[in-house]
Amino acid sequence: MLSLDAWINVFNTHSLPNDRKLKFFKEQPLKKLSEFSNNKDVRDKYLILWSFESKLKEAFKNFLVNLQEVSKDSIDKTRMKVMSVILELLINSPEQEQDLLGRLVNKLGDPTRSVAAKAIHQVSKLLEAHPAMTPIGNVQIWLISWQFRTLDAVLKATHKIK
């Protein structure tokens with residue numbers, strides 16, 4: 001768990017921009033490089049920066065792949081920690097926002113009730129941090145409450161069958 005905290009600190013505090021998504025090298029405006037400066041050293045610095053950004057984006061994607069594996073752990077506390085990490089990443093940077101949001105919403109269907117309840121709480125915290133998501137969030141919260149009522153009914157029905 002400490003290693004997760006360390007990685008989050010590196011990404012949120014030192015690496016990921018909080019106002020834009022990272023770009024792969026091939027997405028950079030290479031054709032406009034000569035317009036930035038006639039100085040070769042300045043152009044080389046742009047190329048180095050763009051190369052680093054591309055490698056950082058790839059490293060972050062690899063981190064998320066590993067985080068996904070950790071989120072499948074059988075220990076509830078570990079899955080809850082992963083949700084907290086996802087929330088922190090979502091709040092602080094737009095990088096991989098769709099993927100992270102999908103992972104957080106996916107935890108709403110966790111078979112353990114406490115993990116699913118934590119997911120609801122995390123979605124609420126996200127909506128507080130990003131009010132622009134509120135219209136979407138209201139629909140999600142309605143769906144979540146509907147899902148829990150349905151899940152509760154299914155659990156009660158299966159319990160009666162046993």
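The rules behind these values
Residues numbered from 1 in each chain as written. Predicted model: local features only at pLDDT ≥ 70, side-chain atom pairs only at ≥ 80, totals over all residues. Heavy atoms only, no water. Axes fitted to C-alpha atoms, helices over the stretch in contact; angles between N-to-C directions. Helix = DSSP H or I, 4+ residues; strand = E, 2+ residues; numbered from the N terminus. Parallel < 35°, antiparallel > 145°, perpendicular 65-115°, else oblique. Contact = heavy atoms within 4.5 Å. Nonpolar A, V, L, I, M, F, W, Y, C, P; charged D, E, K, R; others polar. Core = buried A, V, L, I, M, F, W, Y, C linked by side-chain atoms within 4.5 Å. Buried < 20%, exposed > 50% of the residue type's maximum accessible area, 1.4 Å probe, protein only. Phe/Tyr/Trp six-rings, centres within 6.5 Å; stacked < 30°, edge-to-face > 60°. Salt bridge = Lys/Arg side-chain N within 4 Å of Asp/Glu carboxyl O. Expected span 1.5 Å × (residues − 1). 1 Å grid on protein atoms, 1.4 Å probe; cavity = no way out; pocket = protein on both sides within 12 Å on 5 of 7 lines; lining within 4 Å. Points joined across faces, edges and corners; volume = space filled by probe spheres on them.

J.: Hey, could you run me through the packing of helix H1 (residues 2-15) against helix H4 (residues 76-92) in this one?
T.: The packing of two helices is summarised by the inter-axis angle and the distance between the axes. It is at 11 Å that the axes of H1 and H4 come closest, and there the two elements cross at 5°. In terms of their interaxial angle, H1 and H4 are classed as roughly parallel. Note on element contacts: H4 touches H1 through Lys81, Val85, Glu88, Leu89 and Asn92, opposite Leu4, Asp5, Ile8, Phe11 and Asn12. Partitioning the contact of H1 with H4 into residue classes produces 5 nonpolar, 2 polar and 3 charged.

J.: Sorry, what's going on with the nonpolar core here?
T.: Generally speaking, soluble globular proteins have nonpolar side chains that are buried together. Of all hydrophobic cores here, the largest spans 26 residues; its most connected members are Phe63, Leu67 and Leu89. Only H1, helix H3 (40-70), H4, helix H5 (97-106) and helix H6 (113-129) provide two or more residues apiece to this core. Considering each element in turn, this core owes the most residues, 7 residues, to H4. Setting aside chain neighbours within four positions, we find leucine 89 in contact with Ile8, Phe11, Asn12, Leu16, Phe60, Phe63, Leu64 and Leu100.

J.: Would you take a moment to explain the packing of aromatic side chains for this structure?
T.: The geometry of two aromatic rings is summed up by the distance between their centres and the angle between their planes. Applying the stated criterion across every chain yields a total of 8 aromatic pairs. Between tryptophan 7 and phenylalanine 63, the ring centres sit 6.3 Å apart and the planes meet at 40°, which makes this aromatic pair tilted. Taken together, the positions of tryptophan 7 in helix H1 and phenylalanine 63 in helix H3 put the pair 56 residues apart, joining distant regions of the chain. On the accessibility criterion, tryptophan 7 (46% relative accessible area) is partly exposed.

J.: I tried to follow the pattern of salt bridges on my own but got confused; where do I start?
T.: Proximity of charged atoms lets side chains of opposite charge pair with each other. As enumerated under the stated definition, the model contains 9 salt bridges in all. A salt bridge links lysine 72 to glutamate 69; the shortest N-O distance between them is 3.4 Å. Note on lysine 72: relative accessible area 54%, which makes it exposed. The partly exposed category is assigned to glutamate 69, whose relative accessible area is 49%. The salt bridge partner of arginine 79 is aspartate 76, with a shortest N-O separation of 2.8 Å. One end of the pair is arginine 79 and the other is aspartate 76, both in helix H4 and 3 residues apart, which spans about a single turn. When its relative accessible area of 26% is taken as the criterion, aspartate 76 is described as partly exposed.

J.: Would you mind going over H4 with me for this structure?
T.: At 3.6 residues per turn, the α-helix brings residues three or four places apart onto the same side. Helix length check: H4, at 17 residues, gives a terminal C-alpha distance of 25 Å against a target of 24 Å (1.5 Å per residue), a fit within 8%. Of all the positions in H4, only Thr78, Arg79, Val82, Met83, Val85, Ile86, Leu87, Leu89 and Leu90 are classed as buried. Its buried side turned inward, H4 meets H1, H3, H5 and H6.

J.: Looking at this structure, how should I read the layout of surface pockets?
T.: Left-over empty space is what a probe sized like a water molecule reveals as it rolls over the atoms. A volume near 150 Å³ is recorded for the largest pocket. Every residue lining the largest pocket is listed: Ser3, Leu4, Trp7, Phe11, Leu56, Ala59, Phe63, Asn66, Leu67 and Val70. Secondary structure elements with two or more residues in the lining of the largest pocket: H1 and H3. At 6 residues, the largest contribution of residues to the lining of the largest pocket is made by H3.

J.: Please explain the side chain of asparagine 12 as it appears in this structure.
T.: Along the chain, the position of asparagine 12 falls in helix H1. The exposure class assigned to asparagine 12 is buried, which follows from its relative accessible area of 17%. Filtering out sequence-adjacent residues up to four positions away, asparagine 12 remains in contact with Glu88, Leu89 and Asn92.

Scope: geometric values only; no functional claims are made or implied.
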